Amino acid sequence: MPRSSAATETTCGETAFSGQCLCGQVRVSVRGEPLRTGLCHCTDCRKESGSAFTFYAVWPAHQFEHTGDTSEFQGRSFCPRCGSRLFSIDDQEAEIKLGILSQAPTPLVPSYELWAKRREPWLRPVEGAEQYEEDRN
């Protein structure tokens, strides 16, 4: 995974990323490198993000922390005050919306794109990223 000075090093030498919602009420942090980083062009992600795609990364759940009150809709957590979309989490994995990170731009690069058949025609595929017409196998 590419690194840059945008990543924060902890005292253990482990990469860490942090961020917050628009109003600052919810803060998130993750430790270590993500399991995977992707873009999704599906209609749910488009509607949920209000954009042409969602840029996210997935970490093991135990490497993720958050503070502040969140609300949830269909497994997606958001700030009830400002509405920022933040993360999804289960017992195994935490999926973080990378637009909330303080480090911008991030050193994280998508390794795959989902629902490429719904990608806007003016968007180019990410070079070197696996392309899936729909979900990953």
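Residues numbered from 1 in each chain as written. Predicted model: local features only at pLDDT ≥ 70, side-chain atom pairs only at ≥ 80, totals over all residues. Heavy atoms only, no water.

1. Re the overall build of the protein chain
Then, number 1: Scanning the protein chain from N- to C-terminus turns up 1 helix and 12 strands.
Then, number 2: In the protein chain, the succession of α and β elements from N to C terminus is β-β-β-β-α-β-β-β-β-β-β-β-β.
Then, number 3: Computed over its C-alpha atoms, the radius of gyration of the protein chain comes to 15 Å, within 12% of the 14 Å expected for a compact globule of 137 residues.
Then, number 4: Each principal axis of the C-alpha distribution contributes one length, and for the protein chain these read about 40 × 35 × 25 Å.
Then, number 5: Once local pairs closer than 6 in sequence are excluded, the contacts in the protein chain between residues at least 24 apart make up 57%.
Then, number 6: With an accessible surface of roughly 7900 Å², the protein chain has 48% of that area assigned to carbon and sulfur atoms.
Then, number 7: Placing the 15 positive and 19 negative side-chain charges of the protein chain at their respective mean positions leaves the two points 6 Å apart. (Helix = DSSP H or I, 4+ residues; strand = E, 2+ residues; numbered from the N terminus. Rg over C-alpha atoms; globule rule 2.2 N^0.38 Å. Contact = heavy atoms within 4.5 Å. Areas by Shrake-Rupley, 256 points an atom, 1.4 Å probe, with all protein chains shown as cover. Lys, Arg positive; Asp, Glu negative; His and termini not counted. Charge placed at Lys NZ, Arg CZ, Asp CG, Glu CD.)

2. Section: the pairing of strand β3 (residues 27–31)
Then, number 1: Where burial is concerned, the two faces of β3 differ: the one with V28 and V30 is buried and the one with R27, S29 and R31 is not.
Then, number 2: When strand β2 (residues 15–20) meets β3, the two strands line up antiparallel, connected through 5 bridges. What sits directly across from S18, in β3, is S29.
Then, number 3: Here 4 bridges tie β3 to strand β6 (residues 64–67), and the two strands are oriented antiparallel to one another. Paired with V28 across the two strands is H66, which belongs to β6. (Buried < 20%, exposed > 50% of the residue type's maximum accessible area, 1.4 Å probe, protein only. Pairing = 2+ DSSP bridges.)

3. Quick word on the layout of surface pockets
Then, number 1: The space that makes up the largest pocket amounts to roughly 260 Å³.
Then, number 2: Lining the largest pocket are 16 residues, with S49, R85, K97, G99 and I100 positioned closest to its centre.
Then, number 3: When its residues are assigned to classes, the lining of the largest pocket shows 6 nonpolar, 7 polar and 3 charged. (1 Å grid on protein atoms, 1.4 Å probe; cavity = no way out; pocket = protein on both sides within 12 Å on 5 of 7 lines; lining within 4 Å. Points joined across faces, edges and corners; volume = space filled by probe spheres on them. Nonpolar A, V, L, I, M, F, W, Y, C, P; charged D, E, K, R; others polar.)

4. Concerning the pattern of salt bridges
Then, number 1: Under the definition given, this model contains 8 salt bridges.
Then, number 2: The shortest N-O distance in the salt bridge between E120 and R46 comes to 2.4 Å. One end of the pair, E120, is in the loop between β11 (112–114) and β12 (130–131); the other, R46, is in helix α1 (residues 43–49), with 74 residues separating them in the sequence.
Then, number 3: Residue class for R46 comes out partly exposed when judged on its relative accessible area of 22%.
Then, number 4: Residues joined in a network through salt bridges with shared partners are E14, R31 and E65. (Salt bridge = Lys/Arg side-chain N within 4 Å of Asp/Glu carboxyl O.)

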